[in-house]
Amino acid sequence: MVVVYTSKYPYFYVTVDLVILTLHDGQLCALVVRRGQEPFRGQWALPGGFVDQDEDLHEAAVRELEEETAVSTGDVRLEQLASFGAPGRDPRHRVVSVAYLAVLPNGPSPRAGSDAAEAGWTPVETLLAGRDELAFDHFDILSEGVERARAKLEYSGLATEFVDDEFTVAELREVYEVVWGRRLDPGNFHRKVTRTPGFVERVGRSVTRGPGRPAELFRFGGAETLYPPMSRSTFG
């Protein structure tokens, strides 16, 4: 006998959307796709889509990213960012979206697939210049993701995820300057980074990149929380 369950509650559809950030040419960039189908056909949007009935949210996020952009997160951790469920955010159905945030060093070249007509890295400043430039409520989702990244630079090792496994302090400083949108004093930054327990550790080698003296190489020190934090309000 087949048991059919009914409910007085309305149906909700669930989607995932991804804020994937990287640095390109000295700019903070987000991975976006140009929609190939209605609604919002031809507009830029964050990668994402509907969750299948037999998959977990995280599985759906990884699948949609690979299907629409051919970008794999690999060992990069996808972090749940927030949920967005305002009525009317999707003209097709009542839809709740779970957004994810991830950072990639040297973001790979994407390739459009699935229902995406185009995929690419676009400066966040350009994407956030106008609310109506992004499909759905992706302006709000992207804004939330960028602010989360800015905040996490203060108290976590997120900045090291924007660079290679081995990096110079100058390369790490560039991450803070680009994401925060402000210049930082090199000497003060070097002291704070190297004196914060567990933030960075010396590799024991130096590298020459461009003019000037060789620069010492560091790697992430593994600290889950930076203390004292690299506070935007007091950093100088």
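In short, a report on the structure. (Residues numbered from 1 in each chain as written. Predicted model: local features only at pLDDT ≥ 70, side-chain atom pairs only at ≥ 80, totals over all residues. Heavy atoms only, no water.)

A few words now on helix 4 (residues 169-180). With 12 residues, helix 4 extends 16 Å between its outermost C-alpha atoms, agreeing within 8% with the 16 Å of an ideal straight helix rising 1.5 Å per residue. Looking only at helix 4, the buried set comprises V169, L172, R173, V175, Y176, E177, V178, V179 and W180. Looking at the buried positions of helix 4, the neighbouring elements they touch are strand 1 (13-24), strand 2 (27-35), helix 3 (138-155), helix 5 (186-195), strand 8 (200-207) and strand 9 (215-220). Two residues or fewer after helix 4 comes G181, characterised by a positive phi angle close to 70 degrees. (Helix = DSSP H or I, 4+ residues; strand = E, 2+ residues; numbered from the N terminus. Expected span 1.5 Å × (residues − 1). Buried < 20%, exposed > 50% of the residue type's maximum accessible area, 1.4 Å probe, protein only. Contact = heavy atoms within 4.5 Å.)

Applying the stated criterion across every chain yields a total of 19 salt bridges. Residue E79 pairs with R148 through a salt bridge whose shortest N-O separation is 2.5 Å. A residue pair is termed long-range when its members are at least 10 positions apart, and E79 in strand 5 (residues 79-84) and R148 in helix 3 qualify at 69 residues. Linking R131 and D140 is a salt bridge whose minimum nitrogen-to-oxygen distance equals 2.7 Å. Overall, R131 belongs to the partly exposed group, its relative accessible area being 49%. Owing to a relative accessible area of 31%, D140 belongs among the partly exposed residues under this scheme. One network of salt bridges, with partners in common, ties together D52, E55, R63, E64 and E67. (Salt bridge = Lys/Arg side-chain N within 4 Å of Asp/Glu carboxyl O.)

All right, on to the environment of A135 then. Looking at the element boundaries, A135 is found in the loop between helix 2 (124-127) and helix 3. On the accessibility criterion, A135 (0% relative accessible area) is buried. Distance from A135 to D115, taken between C-alpha atoms, is 14 Å for residues 20 residues apart in sequence. When near neighbours in sequence (up to four residues on either side) are disregarded, A135 contacts R35, F40, Q43, W44 and A45.

Further remarks concern the pairing of strand 2. Burial analysis of strand 2 places 7 of its 9 residues in the buried class, which makes it a mostly covered element. Direction of pairing for strand 1 relative to strand 2: antiparallel, over a ladder of 4 bridges. Bridging across to strand 2, H24 finds its partner in Q27. Between the end of strand 1 and the start of strand 2, which pair antiparallel, lie 2 residues, with D25 showing a positive phi angle near 50 degrees. In the sheet, strand 2 pairs with strand 7 (residues 116-123) via 7 bridges, with the strands oriented antiparallel. (Pairing = 2+ DSSP bridges.)

Here we take up the packing of helix 4 against helix 5. Packing of helix 4 against helix 5 leaves a shortest axis separation of 10 Å and a crossing angle of 105 degrees. Here helix 4 is positioned roughly perpendicular relative to helix 5, judged by the angle of their axes. Residues V169, L172, R173 and Y176 of helix 4 lie in contact with helix 5, whose contacting residues are P186, F189, H190 and V193. Residue composition of the contact of helix 4 with helix 5, by class: 6 nonpolar, 1 polar and 1 charged. (Axes fitted to C-alpha atoms, helices over the stretch in contact; angles between N-to-C directions. Parallel < 35°, antiparallel > 145°, perpendicular 65-115°, else oblique. Nonpolar A, V, L, I, M, F, W, Y, C, P; charged D, E, K, R; others polar.)

It is worth stressing that arrangement in space is one thing and function is another; only the former is reported here.
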